[in-house]
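Examining the three-dimensional arrangement
What follows is each chain in one-letter form.
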Amino acid sequence: MKMFQVKPFSFFIWIPCFWCFQDVIAFNSNHDVTRGIDNDASFFFYQHPDYLRDCWDMQARCTSNTSSGVFLIKPDGYWEPFQVYCDNPVNSKGWTIIQRRFDGAIDFNRDWDSYKSGFGFLNQEFWLGNEKLSFLTNQKRYEIMIEMTTASGSVIEISYDDFRISDNLGNYSIVHLGKYSASTDVITWCQHNMIIENCENACQRTCETPGDCQEDSCVRSNGCVCPHGFLMNGSDCVPQEQCGCYVSDDRTVIPEGGFYVTSGCRRKGVCTNGQIDWEEDYACSPNAVCDIRNDIRQCFCDESYIGDGQICNVPPKDCAEVYDAGSRTSGIYKIRPTGWTGSAFDVFCNMTDGGGWTVFQRRQDGSVDFFLLWASYKEGFGNLSTEFWIGNDKLYYLTNQKRYEIRIDLVNREYNSYYGKFDFFRINDESDNYRLSGLGTYSGTVDERSSPGGDFLRYHLNHEFSTRDRDNDAYSYNCADYYRAGWWYNKCHYSNLNGDYNAYLDSYSGIACYYIPGPNYNIKYSEMKIRPV
């Protein structure tokens, strides 16, 4: 049963019970003994061979004594008679009570032997004993009734028309439990951690809105609600401190470990164990403003700066400055090149091969479509953690603030690695269609057979960028549309590193690089990155 608050809680079984007048012992509610006619028998209940087997026997055969109380019975096969409490309601058959709870006077957290032999007081709280119950329920067919009284006074009765348990060898398991019936439809089975409450006096609250009562939390006069100190989180009750911290002024919930900033960004606190721990000093940097963004109020750095709002610094211009500032782990960082008028933006910094490389292109698994329009190549697209193009506008500002070298890493589908480096790389702005305007001396393992070397990219020097909707190449048809990529096409290419990832080997539209061993369209991985010389 789930979290029922009960007063009396009794099990009854339909069974014959006891003796009537002569040679019958009846124990009244004060445990006084009333003896029958045989005044000479000091232990006469051991002397009579025909003991009643249950409370049903007692009421059926003893018409002169049908009141409820303590009586003596001896089920078939049991070695001696024992006392039971018989409940004999008016116009009903005799019930043998096997358990009663109503005031907590008896500890029910007991060992096996206690439950085997029984414990408690028959006029108060008790457990009859599993050994006695086994003999009782195996001498005929019995019905079991469970009667419960809720805290609000509602009486609930449920029953099963066939109840029997096994013996000690079977660990007193329930071996029969017949058809279920209930005397009322008031029964409510509550979920874990919930209790029955009178809804007129209870108020169900949730983690999301702990300040509001949920009017529909109880559908009857009694319903399931979370106990005091608990709130609903989805379909379960959790301790209130697990819900985070509720800020009544803003009617908002701060998750555990999250932070809250007061109006005007005057104070900042962190939610810890359901309470907000306030920081001693919190103030915005002179280069920050107090604002609400994405439903979060805090200090935000001006777009020309980066930081947490309390400290705002001028962002690095490229990954080389990130490296020089002490970062040695490859990953995503914010930069803001010279001349860039927007906010600092994210780039992927590769800290290998001396570190400080700003990556502007990567292909590795075909997860991103590179057959896109001019606007996409201008702004950039993809995922910095997988495949992407940084954007021609960003690449222009990057390559025109300093002198940069470029490194191109390639891996073919046989997992052979190659690289090519040029000691100078630069493109022009959009007014010149992002022309590849600078390319220096070549070194590396790609294109070793060409002279002066690096023809896989040098062939594209001084040519404008083209996409399928903007034809700027030197050929009579649109190379970008034919080769399904954006690139600095000539007539048309010696390299096509933005081609169709899944079209390789003999396909003309795949990722291509001339002069590497094997088929031209055999590239599985490419990464293009720049670093100041």
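You'll find the structure just up there.
Residues numbered from 1 in each chain as written. Predicted model: local features only at pLDDT ≥ 70, side-chain atom pairs only at ≥ 80, totals over all residues. Heavy atoms only, no water.

Attention now moves to the overall build of the protein. For the protein, the helix and strand inventory stands at 8 helices and 39 strands. For the protein, the residues scored as buried account for 46% of the 533 residues in total. Looking at the protein alone, contacts between residues at least 24 apart form 52% of all its contacts between residues at least 6 apart. With the model as given, the accessible surface of the protein reaches about 26300 Å², and the carbon-plus-sulfur share is 46%. (Helix = DSSP H or I, 4+ residues; strand = E, 2+ residues; numbered from the N terminus. Buried < 20%, exposed > 50% of the residue type's maximum accessible area, 1.4 Å probe, protein only. Contact = heavy atoms within 4.5 Å. Areas by Shrake-Rupley, 256 points an atom, 1.4 Å probe, with all protein chains shown as cover.)

Grouped together as the largest cluster of nonpolar side chains are 53 residues, with contacts concentrated most on F360 and F425. Excluding its chain neighbours within four sequence positions, the residues that come into contact with F425 are F360, L395, T399, Y404, I406, L436, G438, L439, W488 and I530. Formed by 23 residues, the second largest nonpolar core is a distinct cluster that contains V84, Y85, L122 and I165. (Core = buried A, V, L, I, M, F, W, Y, C linked by side-chain atoms within 4.5 Å.)

Moving on: the side chain of N478. Mapped onto the secondary structure, N478 falls in the loop between helix 7 (455–458) and helix 8 (479–483). Under the relative-accessibility criterion, N478 is labelled buried at 16%. Looking at N478, its side chain comes within polar contact range of the main-chain nitrogen of D481, at 3.3 Å. Apart from the residues within four sequence positions on either side, N478 is in contact with T467, R468, D471 and D473. (Polar contact = N/O pair within 3.5 Å; in protein donor to acceptor, adjacent residues only side chain to side chain.)

As summarised here, the arrangement of the 3 strands in space is 20-21-22, forming an open sheet in which the pairing is antiparallel. Looking at which strands have only one partner, the edges of the open sheet turn out to be strand 20 (259–261) and strand 22 (275–278). In this sheet, adjacent strand axes meet at a mean angle of 35° when their direction is disregarded. By the bridge criterion, 4 bridges tie strand 21 (residues 268–272) to strand 22 in an arrangement that is antiparallel. Looking at the pairing, C271 lines up with I276 of strand 22. (Pairing = 2+ DSSP bridges. Axes fitted to C-alpha atoms, helices over the stretch in contact; angles between N-to-C directions.)

To continue, consider the pairing of strand 24 (residues 296–301). With respect to burial, strand 24 is a largely interior element, 5 of its 6 residues being buried. Sheet topology places strand 23 (residues 288–293) next to strand 24; 6 bridges connect them, and they run antiparallel. Its bridge partner being in strand 24, V289 is matched across the sheet by F300. Connecting the antiparallel pair strand 23 and strand 24 is a turn made up of 2 residues, with N294 showing a positive phi of about 55°.

Extensive coverage of helix 3 (residues 130–137) is indicated by the burial of 7 of its 8 residues. Every buried residue of helix 3 is accounted for by N130, E131, K132, L133, S134, L136 and T137.

Below, the discussion takes up the environment of S173. Looking at the element boundaries, S173 is found in the loop between strand 11 (163–165) and strand 12 (174–177). Put simply, S173 and N130 are 43 residues apart on the chain and 9.7 Å apart in space, counted from C-alpha to C-alpha. For S173, the contacting residues outside a window of four places in its chain are R164, I165 and S166. A polar atom in the side chain of S173 sits 3.3 Å from the backbone oxygen of G170.

A few words now on the state of the cysteines. Counted under the stated rule, the structure contains 9 disulfides. Residue pairing for C55: its cysteine sulfur links by disulfide to C86, the two sulfurs lying 1.9 Å apart. Around the S-S axis, the bridge from C55 to C86 shows a dihedral of about -80° and counts as left-handed. Of this pair, C55 sits in helix 1 (residues 55–61) while C86 sits in strand 5 (residues 82–87), and the two are 31 residues apart along the sequence. One disulfide bridge connects C245 with C271, the sulfur atoms lying 2.2 Å from each other. Sign of the S-S torsion, about 90° for the bond between C245 and C271, identifies this disulfide as right-handed. Separated by 26 residues along the polypeptide, C245 in strand 18 (residues 245–247) and C271 in strand 21 bring together distant segments of the chain. (Disulfide = S-S within 2.5 Å.)

Let us look at helix 6 (residues 392–399). Along helix 6, 6 of the 8 residues are buried, which leaves the element largely enclosed by surrounding structure. Looking at helix 6, one finds that the buried residues are N392, D393, K394, L395, L398 and T399.

Along the chain, F121 turns up in the loop between strand 7 (119–120) and strand 8 (126–127). C-alpha of F121 to C-alpha of R100: the two residues are 21 residues apart in sequence and 9.5 Å apart in space. With residues up to four places along the chain from it excluded, the contact list for F121 reads I106 and F126.

Bringing a nonpolar patch on the surface into the picture now. Taken together, the side chains of Y475, Y477, Y482 and Y508 present a nonpolar region at the surface, about 390 Å² in accessible area. Among the structural elements, Y475 can be located in the loop between helix 7 and helix 8. (Patch = residues over 30% accessible without salt bridge, like charges linked within 9 Å, V, L, I, M, F, W, Y side chains within 5 Å. Salt bridge = Lys/Arg side-chain N within 4 Å of Asp/Glu carboxyl O.)

As defined by bridge partners, strand 32 (residues 404–412) adjoins strand 33 (residues 417–422) across 6 bridges and the pair is classed as antiparallel. If you follow V411 over to strand 33, its bridge partner there is S417. Judged from the 3 bridges that link them, strand 33 and strand 36 (residues 442–444) form a sheet pairing that is antiparallel. Paired with F422 across the bridge in strand 36 is Y442.

Once their charged atoms are close, side chains differing in charge can pair, the charge on each being opposite to the other. Scanning the entire structure with this criterion turns up 21 salt bridges. Between D76 and R53 there is a salt bridge, and its shortest N-O distance comes to 2.8 Å. One end of the pair, D76, is in the loop between strand 4 (69–73) and strand 5; the other, R53, is in the loop between strand 3 (33–34) and helix 1, and 23 residues separate them in sequence. By relative accessible area, R53 is classed as partly exposed at 24%. The partner of R407 in a salt bridge is D353, and the shortest N-O contact between them spans 3.0 Å. Here D353 lies in the loop between strand 28 (345–350) and strand 29 (357–363) and R407 lies in strand 32, a separation of 54 residues in the sequence. With relative accessibility at 14%, the residue R407 sits in the buried group. Judged by relative accessible area, D353 falls into the partly exposed class, the value being 39%.

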